[in-house]
Amino acid sequence: TEIIEDSLGAQVVERSGPFYILQFDTSLQLKEQLFIHGYVPLPPYIKRQNDSQDMDRYQTVYAENDGAVAAPTAGLHFDETLLADLNSKGIDTDFLTLHVGAGTFQPIRVDSVEEHSMHTERFIISERVCEKVHKCKKAGGRVVAVGTTSVRALESAANKGKLSSTDSETDIFIYPGFNFQIVDALITNFHLPESSLLMLVSAFCSRNMILDAYNEAIKNKYRFFSYGDAMFIY
């Protein structure tokens, strides 16, 4: 194998589906090395090299913790002005930690949805978030999740309608027929066909309604995918 100057070496430990698990030298300051040698991991359907603007654009304004390999792109629609406007209207907000995984881009390759194996993603829900959700529910309000990964996290941490604080992983697969316990509405982008994300949004309403929405988006030349437009489903 050719050794490239300033490259990083790693040992392949095992394979997990389409992904490889790597072990780096423990003496490495890996986080710092990733920022030196790495680049913004744009989705595979963006057919260009990342540029300096992506460091800011492919990230939410409220991002705080390192760990995700893809941005929770529904959150890209929110800037400081919009968050302030929501607050002025009495709409409370709070934040989860979502370590979005590369598997979010994987298509469904089986004929039966029950046979599809979902990727695992780590998430952290604080006690403060739980308290706000319970307060909202008790007052008859709606919990609006921003992004499909937020939905997966909230529903994974729910038990009999009660949300619990947790630092955990989930491989939950949400598709039509799913019984939502926490999330009442969803803000999300327009997703790839044959994706688990499209199945999730279809769980909020009928398949025909989602198809009608996509036809309307195509007709009016809405932007799709990560840097695209958003829709509100309830």
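Source: prediction; values computed, not measured.

Tallying each qualifying case throughout the model produces 11 aromatic pairs. Aromatic side chains Phe190 and Phe224 sit 5.1 Å apart centroid to centroid with 25° between the ring planes, which places their arrangement in the stacked category. Taken as a pair, Phe190 in the loop between strand E9 (185–189) and helix H6 (196–202) and Phe224 in the loop between helix H7 (207–219) and strand E10 (230–233) lie far apart in primary sequence, 34 residues in all. Residue classification places Phe224 among the partly exposed residues on the basis of a relative accessible area of 24%. Directly above the ring of Tyr234 sits Arg142, whose terminal nitrogen or CZ lies 5.6 Å from the centroid.

This part covers the sheet that holds strand E5 (residues 144–146). Spatially, E5-E9-E10 is the arrangement adopted by the three strands of the open sheet, whose pairing is mixed. A strand with exactly one partner marks an edge of an open sheet, and here the two such strands are E5 and E10. Each neighbouring strand pair of the sheet contributes to a mean axis angle of 20°, computed without reference to strand direction. Looking at chain direction, E9 and E10 are connected through four bridges and run antiparallel. From the neighbouring strand, Thr188 faces E10, where its bridge partner is Met231.

So, on to the environment of Val144. Tracing the sequence through the fold places Val144 in strand E5. With a relative accessible area of 35%, Val144 lands in the partly exposed category. Expressed as a C-alpha distance, the spacing of Val144 and Thr93, which sit 51 residues apart in the sequence, is 9.3 Å. In contact with Val144, other than residues within four places in its own chain, are Ala185, Leu186, Ile187 and Phe232.

Parameters and conventions
- Residues numbered from 1 in each chain as written.
- Predicted model: local features only at pLDDT ≥ 70, side-chain atom pairs only at ≥ 80, totals over all residues.
- Heavy atoms only, no water.
- Phe/Tyr/Trp six-rings, centres within 6.5 Å; stacked < 30°, edge-to-face > 60°.
- Helix = DSSP H or I, 4+ residues; strand = E, 2+ residues; numbered from the N terminus.
- Buried < 20%, exposed > 50% of the residue type's maximum accessible area, 1.4 Å probe, protein only.
- Lys NZ or Arg CZ within 6 Å of the ring centre and 35° of its normal.
- Pairing = 2+ DSSP bridges.
- Axes fitted to C-alpha atoms, helices over the stretch in contact; angles between N-to-C directions.
- Contact = heavy atoms within 4.5 Å.

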